[in-house]
Amino acid sequence: MRWSLPTVAVAPELKPNFWDLAIIPVIFALLALLAYGGAQMTTPYDVGEKLALSLDPTNLPYYLLRSALRMAAALLASLVFTLTYATLAAKVPALEKVLIPILDILQSIPILGFLSITVTGFIALFPGNLLGVECAAIFAIFTSQAWNMAFSLYSSLKTVPNDLIEASEMFHLSPWQRFWRLELPWGMPSLVWNMMMSVSGGWFFVVASEAISVSGQNISLPGVGSYIALAIAEENLGAIGWAILAVLGGIIAYDQLIFRPLVAWTDKFKVDSLPGEQIPESWLLTLMQRGRLFRYLARLPAALWDRFTGLLRQKDEATLFHRAPGPVITLPAWAARAWDAVLMAAALAALVQVALFIHAEVSFAEIGQVFLYGLATTLRVVVLITLASLVWVPVGVWIGQRPLVAQNVQWIAQFLAAFPANLMFPVAVVLIVRFDLNVDVWTSPLMILGTQWYILFNVIAGASAIPQDMKDAAGNLGLTGWMRWKRFIGPAIFPSYVTGAVTASGGSWNASIVSELVSWGDTKLEAVGLGSYIARATSDGDFPRIALGIAVMCLFVMAFNRFLWRRLYMLAADRLRLD
Amino acid sequence: MAETASTTALLDLRGVRKTFRTPDRHERTVLEGVDFKLEEGEIVALLGKSGSGKSTLLRIMAGLIKSNGGEVKYRGNTMTGPARGISMVFQSFALFPWLTVQENVELGLEAAGIGRDEREERASQAIELIGLGGYESAYPKELSGGMRQRVGFARALVMRPDVLLLDEPFSALDVLTSETLREDLLELWDERKIPTKGILLVSHNIEEAVSMADRVLVFSSDPGRVRAEIRVGLPRPRDTESAAFRQIVDEVYTLMTAHVRGGGIGAAEQLTLGYRLPDTTPGKMAGLLESIAEAPFNGRADLPQLAEETELEDDQLFHLFEGLRVLGLARIAAGDIFLTPAGQAFVEADDAVRKDLFAESLVKNIPLAAHVRRVLDERKDHRAPEDRFLQELQDYLTDDEAERVLETVITWGRYAEIFDYDYNAGVLMLPEEVVEEMEAEEEAREAKESGE
């Protein structure tokens, strides 16, 4: 099957915004508050004794189940978050002003940084109970899934066609009905695609978040991630192999049981399918739609769904006219201005607070040092994305132009993107030690190990979407060699390449936290960079330094997005669309 | 009994006014002093060029937007929002793609809280009535355009509306399909198979309006208001080839093209910078001029005949007429269009001379074109960002309209080679040849001065 092009999780209409600047300190203040709270609550964590873990492969299915459930819980939480957050942002301009910049920043914050900050809080929330740690792990996975989903729904809600809004008004749909009947269905295809991307990225964090070491404590939740951590500590390569198999099983299960049916189902929400586009299929959905028993069972939920969407209908049979509140709720002018002032004040207060919190512990010299680390990591990201592009763009184009190959390879590439690359890190450590390689250079490829596939499968999608008549024309005009790339292939695949590269670069920043500090048994390799700085601060439980590291990385990522990716994306959207 | 019913019109609009605010807080009046009545038992067609505000008026009657002044009454009650009893059919169909035909038709009933059984029953009836029986479980994207619009009609009719508002419902369909659908609707209406008491049709197709309506209202633009009313006394179904029918069509053409201020007299009226250039291209205008010049018209063409000959849609044609008129290339009087001396000269010239003639006429008659050229002449580098002009236009027009007008003037100016445009940079500039010419002149002058 062929996948349609994904919608990018950045809202293209977002211009660099004054509120972005104002909001950053607020976010950091909240994080710092959490951190401060966490530092205050460093009561020794006591789950009784260490949770028993065993490397026996027969335990793996159970571990896999636990991990998959964590993923599901996080996905559910992300969905609830998305439905409320994105809807509020799209409907209330006064909140939109705050919520969207916040989302933009949350998206840039290295996710693994969240874990160290939140875990102590969660543990304190459920004292003497495993639930706290579970929540922390789920929260970490949630933070890797929620933001792009919320963005996707938000941009969908902002682009509901006007004639459909008018039709729903003419037929007196209440705001509640309009949401379930019009707005959510409209956003469904892009939301499901983003959920799929989220889960794909989530496996990486499942592996990273189950074995948490905070303030010198090691907490291992039963799950595939902990299994791997134990295997690494015991230098058991066979167990790593089993774990890889287990994760593959998990990915396949999610794909076949959840996303394939979902994607096939959401096809009906698309306004128009393009001619020649293959209709997504799912054996499970087909089974459910065709099977008599399933259809019979489906009647009960259908009736409930009717009740649910009909809950808040306009009850104005007696009155002739009724104007339902519009799709957007605005404040009166004076209130809007007051609201702006409140936001400004909060931003200023937060800025002062963050500065005090960090500076109490860290000298200015070190802050400068951290920025240098940031540059080192930036260099790695830039070089690696370039290298990966040089390799995968030609390969992707070659594959994309051969439909039969593309079908199979793209499927594999998506699996590779979902596969948690951190499973492969031990192999790298062994190699680096064996051949005595430069740690600063040779740990770098690890950060792109999992994310390069986004470039590949997006380029494949782009190349296979080039219309046949354009290819014919290019051949007819005798375009060959460099000229063919410059005038035809390059511009044609550019939009999808940018989509892939944005995702890959974002993922690489995140991965730097686990890839710049890797270990195998007692061997520890540390590359100079922002990622290793954060990783070290995390294992030391040094909250001001964690906050500083995350803040700096966040600034780098945002600058990267603003000055490079968003511009390229706008260029692609504006000038190089193929339609 | 009958008299009491007829005393209140279904829809009654008095002095309706609608303004939109441009970004610079200027107000643009879209509708001004509109009086309108829809009586029980009649079909009224509202004819106007695109952008004349007729769709806005329809949306005011639908309760979708509020007027800024005047009164809007439905059965004697002031309207504050979409009224139950008024249904609408959309130009773009506006079907919910994720709902089946049956579910689309049921949606309004569901919103009204009608129980499942009754809903299904009524929807099935409406689907059957409009000729879609058998397609209940199809999704809109499986249907052709004509069938989609049938769903649009079924969805409106299932509400058993008092008043049916039709917003150019046939304009997205091909000629044959739209004719069939029109006939089917008229049959339902004439045979009283639907409880609807009045229909308002918004259209820019003259023949469509005359073939359906009891009254045709001609709408003028800037600001939009009802300019004329024609009663069509012919019994339905109407023979579109009959002399009586053709005569009414001719009359409407004359009314539609008659210029309010100039009354068709050649002297160009003073246009402003914010004049809304008609949405057409120099190529099309040249083509139409040639058609008029050639046989069978030989310089003077009857409008409906020309429409038939060129196979252009009425709306396109009106934009073309308007363009030729403001450029002084053609004149319209008494339902005919004929070439002016300038138009005659244009037709006879070769391509290069045509460009010169067009340029001359453009700078003389269109203030916006003259303004752009003047700014570019005065600037040292002979370049100016498009935003500069866009902002000026936004003083007069809405954002979208300002963009469209600027785009149009760029197309015209490029053809005339009086200025050029860089799409990537969004910059207007003088054509290279012009700049070179100017520089050469400058040098010559300097050489002369230093020589003295």
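Residues numbered from 1 in each chain as written. Chains lettered and ligands numbered in written order. Predicted model: local features only at pLDDT ≥ 70, side-chain atom pairs only at ≥ 80, totals over all residues. Heavy atoms only, no water.

1. Overview of the overall build of chain B
Stated formally: Secondary structure elements are taken from DSSP: a helix is a run of H or I of four residues or more, a strand is a run of E of two residues or more, and numbering for both begins at the N terminus. Note on areas: Shrake-Rupley with a 1.4 Å probe; residue coverage comes only from the protein chains shown.
The helix and strand inventory of chain B stands at 17 helices and 16 strands. For chain B, the exposed surface amounts to about 20,300 Å²; the carbon and sulfur share of it is 46%.

2. Overview of the overall build of chain A
For clarity, the cut-off: Three exposure classes are used, based on accessible area relative to the maximum for each residue type with a 1.4 Å probe and protein chains only: buried under 20%, partly exposed in between, and exposed over 50%. Two residues form a contact once any of their heavy atoms are found within 4.5 Å.
Broken down by element type, chain A carries 22 helices and four strands. Across the 579 residues that make up chain A, the buried fraction comes to 53%. Contacts in chain A between residues at least 24 apart in sequence constitute 82% of all its contacts with a sequence separation of at least 6. Entry remark: accessible area of chain A is about 26,300 Å², with carbon and sulfur atoms responsible for 68%.

3. Re the interface of chain B and chain A
Selection criterion: Accessible area that two parts lose when put together, evaluated with a 1.4 Å probe and summed over both, is termed the buried area. Any Lys or Arg side-chain nitrogen located within 4 Å of an Asp or Glu carboxyl oxygen qualifies as a salt bridge. We call two N or O atoms a polar contact when they sit within 3.5 Å, provided that within protein one can donate a hydrogen and the other can accept it, with sequence-adjacent residues counted only if both atoms are side-chain atoms.
Listed by partner, the interface residues are 42 residues for chain B and 35 residues for chain A. For the pair chain B and chain A, the two sides together bury roughly 3,500 Å², of which 55% comes from carbon and sulfur. If you sort the residues of chain B by the area they bury against chain A, Arg84, Trp98 and Lys141 of chain B come out on top, with a joint share of 24%. Our enumeration of links across chain B and chain A arrives at two salt bridges. Arg59 of chain B is the partner of Glu166 of chain A in a salt bridge, and the nearest nitrogen-oxygen pair spans 2.7 Å. Seen at the junction of chain B and chain A, the total is five residue pairs in polar contact (both at pLDDT 80 or more). Every element with two or more residues in the side of chain B that touches chain A is listed here: helix H2 (54-62), strand E5 (77-78), strand E6 (86-89), helix H3 (101-111), helix H4 (116-129) and helix H5 (145-157) of chain B.

4. Thoughts on the nonpolar core
Counted only if it meets this: Here, the term nonpolar core denotes a set of buried Ala, Val, Leu, Ile, Met, Phe, Trp, Tyr and Cys residues that are joined through side-chain atoms within 4.5 Å.
Of all hydrophobic cores here, the largest spans 184 residues; its most connected members are Leu11, Ile86 and Leu165 of chain B. Considering every element that reaches this core, the biggest residue donor is helix H7 (residues 175-210) of chain A, with 18 residues. In contact with Ile86 of chain B, not counting residues within four places along its chain, are Met170 of chain A together with Leu11, Met61, Tyr74, Met79, Val163 and Leu165 of chain B. Membership of the second largest hydrophobic core comes to 108 residues, among which are Ala138, Leu173, Ala359 and Leu430 of chain B.

5. A look at the sheet that holds strand E13 (residues 336-339) of chain B
All names here are of chain B. Here is the rule we go by: Criterion used throughout: strands pair if DSSP finds at least two bridges between them. A fitted line through C-alpha atoms represents every axis, and for helices the fit uses only the stretch in contact; the resulting angles, taken between N-to-C directions, go from 0 to 180 degrees.
Strands sit in the order E11-E13-E12 across an open sheet of three strands; the sheet is antiparallel. Edge positions in the sheet fall to strand E11 (300-302) and strand E12 (330-333), since each has one partner strand and no second. On average, each strand axis in the sheet is tilted by 20° relative to the strand beside it, whichever way the strands run.

6. Comments concerning the sheet that holds strand E2 (residues 27-38) of chain B
All names here are of chain B. A sheet is described by the order of its strands in space; here four strands give the open sequence E2-E1-E4-E5, paired in antiparallel fashion. Each edge of the open sheet is held by one strand with a lone partner, namely E2 and E5. Summarising the sheet, strand E1 (residues 11-21) and E2 pair through eight bridges and their orientation is antiparallel. Bridge pairing in E2 links Leu11 to Leu38. Sheet strands in contact with H2 are E1, E2 and strand E4 (69-74), and its direction is about 120° off that of E1.

7. Observations concerning the pairing of E6 of chain B
Residues and elements named next belong to chain B. Going residue by residue along E6, you find Ile86 and Met88 tucked away on one face and Ser87 and Val89 tucked away on the opposite face as well. In terms of strand pairing, E6 meets strand E7 (residues 163-167) through four bridges, oriented parallel. If you follow Met88 over to E7, its bridge partner there is Leu165.

8. Side note on the confidence of the model for chain A
When pLDDT drops low, the exact placement of atoms in the prediction is not to be read closely. Residue and element names in this part refer to chain A. Cut-off, in case you're wondering: pLDDT measures how confident the predictor is about each residue, on a scale from 0 to 100.
Per-residue confidence for chain A gives a mean pLDDT of 77, with 79% of residues at or over 70. Across residues 1-16, where pLDDT falls below 50, the model places 47 contacts with residues more than four positions away in sequence or in other chains. Confidence drops under pLDDT 50 across residues 37-45; counting only partners more than four residues distant or on other chains, this segment forms eleven contacts.

9. As for helix H16 (residues 399-416) of chain B
Filter applied, for reference: How far a helix is expected to stretch is found by multiplying one less than its residue total by 1.5 Å.
Over its 18 residues, H16 of chain B extends 26 Å from the first C-alpha to the last, a length consistent with the 26 Å expected when each residue adds 1.5 Å. Taken residue by residue, H16 of chain B has Glu401, Ala402, Arg404, Val405, Leu406, Thr408, Val409, Ile410, Trp412, Gly413 and Ala416 of chain B as its buried positions.

10. Some remarks on the environment of Pro420 of chain A
Residues and elements named next belong to chain A. Residue position: Pro420 is located in the loop between helix H14 (403-418) and helix H15 (425-435). Between the alpha carbons of Pro420 and Phe205 there is a distance of 7.9 Å; along the sequence they are 215 residues apart. Non-local contacts of Pro420, meaning those with residues more than four positions away in its chain, are made with Trp203, Phe204, Val207, Val247 and Ile251.

11. A look at the pattern of salt bridges
One pass over the structure, following the stated rule, counts 45 salt bridges over all chains. Among the salt bridges present, the one from Arg373 of chain B reaches Asp377 of chain B, with a minimum N-O distance of 3.3 Å. Here the residue Arg373 of chain B and the residue Asp377 of chain B both occupy positions in helix H14 (residues 367-378), the gap between them amounting to four residues, near one helical turn. According to the relative accessible area criterion, Arg373 of chain B is buried, its value standing at 19%. The class of Asp377 of chain B is partly exposed, set by a relative accessible area of 31%. Each of Arg66, Arg70, Glu134 and Glu210 of chain A takes part in one network of salt bridges that share partners.

12. Considerations on H2 of chain B
Burial analysis of H2 of chain B places eight of its nine residues in the buried class, the great majority of the element. By the burial criterion, the buried members of H2 of chain B are Lys54, Thr56, Leu57, Leu58, Arg59, Ile60, Met61 and Ala62 of chain B.

13. Here we look at the pairing of strand E3 (residues 43-47) of chain B
All names here are of chain B. With respect to burial, E3 is a largely interior element, five of its five residues being buried. In terms of strand pairing, E3 meets strand E8 (residues 198-203) through five bridges, oriented parallel. The residue of E8 that forms the bridge with Leu47 is Ser203. Summarising the sheet, E3 and strand E9 (residues 215-220) pair through four bridges and their orientation is parallel. What sits directly across from Val44, in E9, is Arg215.

14. Here we look at unusual backbone geometry
All names here are of chain B. Cis geometry is found at the peptide bond from Arg236 to Pro237, where omega equals -5°. Secondary-structure assignment places Pro237 in the loop between strand E10 (225-231) and helix H8 (243-257). The step from Ala295 to Pro296 runs through a cis peptide bond, and the omega angle for that step is 5°. For Pro296, the location among the structural elements is in the loop between helix H9 (282-293) and E11. Residues other than glycine seldom take positive phi values, yet Phe93 does so here, at roughly 75°. Tracing the sequence through the fold places Phe93 in the loop between E6 and H3. In this structure, Arg160 is a non-glycine residue whose phi angle is positive, near 50°.

15. Things to note about a negative patch on the surface
Residue and element names in this part refer to chain B. The test is simple: Residues enter patches when their relative accessible area tops 30% and they take part in no salt bridge; the joining distance is 9 Å for like charges and 5 Å for the nonpolar side chains Val, Leu, Ile, Met, Phe, Trp and Tyr. In this count, Lys and Arg are taken as positive residues and Asp and Glu as negative ones, while His and the chain termini are left out. For this purpose, a charge sits on NZ of Lys, CZ of Arg, CG of Asp or CD of Glu.
Taken together, the side chains of Glu432, Glu433, Glu436, Glu437, Glu439, Glu441, Glu443, Glu446 and Glu449 define an acidic patch exposed on the protein surface. Counting through the fold element by element, Glu432 comes out in helix H17 (residues 432-451). Given the relative accessible area of 60%, Glu432 is considered exposed.

16. Quick word on the confidence of the model for chain B
Residue and element names in this part refer to chain B. Summing up the model confidence of chain B, the mean pLDDT is 87 and the portion of residues at 70 or higher is 95%. For residues 1-6, every residue scores under 50 in pLDDT, and the model assigns this stretch two contacts once sequence neighbours within four places are set aside. Low pLDDT, under 50, characterises residues 261-268; the stretch is placed with six contacts to residues that sit more than four places away or in other chains.

17. Topic: the packing of H3 of chain B against H5 of chain B
Residue and element names in this part refer to chain B. Stated precisely, the cut-off is as follows: Oblique is the label for any angle not under 35 degrees, not over 145, and not in the 65 to 115 range, which are roughly parallel, roughly antiparallel and roughly perpendicular in turn. Should the near helix be turned anticlockwise from the far one by less than a right angle, the crossing is left-handed, and should it be turned clockwise, the crossing is right-handed. Under the scheme applied here, ten amino acids are nonpolar (Ala, Val, Leu, Ile, Met, Phe, Trp, Tyr, Cys and Pro), four are charged (Asp, Glu, Lys and Arg), and all others, including Gly, are polar.
Orientation of H3 relative to H5, taken along the N-to-C sense of each, is 30°, at an axis distance of 8 Å. By the angle class used here, H3 and H5 are roughly parallel. Like other packed secondary-structure pairs, H3 and H5 cross with a definite hand, here right-handed. Note on element contacts: H5 touches H3 through Val151, Ala154 and Arg155, opposite Val101, Asn104 and Val105. Looking at the contact of H3 with H5 residue by residue, the classes come out as four nonpolar, one polar and one charged.

18. A few points about the packing of helix H3 (residues 93-108) of chain A against helix H5 (residues 131-158) of chain A
All names here are of chain A. It is at 10 Å that the axes of H3 and H5 come closest, and there the two elements cross at 145°. Seen from above, H3 lies across H5 with left-handed handedness. Contacts from Glu96, Ile100, Leu103, Asp104, Leu106 and Gln107 in H3 reach Trp147, Asn148, Ala150, Phe151, Tyr154 and Lys158 in H5. A breakdown of the residues in the contact of H3 with H5 according to their chemical character gives seven nonpolar, two polar and three charged.

19. Some remarks on the packing of aromatic side chains
Threshold: Pairing of aromatic rings covers Phe, Tyr and Trp, the last counted by its six-membered ring, and requires centre-to-centre distances within 6.5 Å; plane angles under 30 degrees mean stacked, over 60 mean edge-to-face, and any other angle means tilted.
Under the counting rule described, the total for this entry stands at 23 aromatic pairs over all chains. Here the aromatic rings of Tyr62 of chain A and Tyr63 of chain A are separated by 5.9 Å at their centres, their planes lie at 50°, and the arrangement is tilted. For Tyr62 of chain A, a relative accessible area of 43% translates into the label partly exposed. For Tyr63 of chain A, a relative accessible area of 4% corresponds to the buried category. A centroid spacing of 6.0 Å and a plane angle of 85° characterise the contact between Phe96 of chain B and Trp98 of chain B, whose relative ring orientation is edge-to-face. Residue Phe96 of chain B is classed as buried on the basis of its relative accessible area, which comes to 0%.

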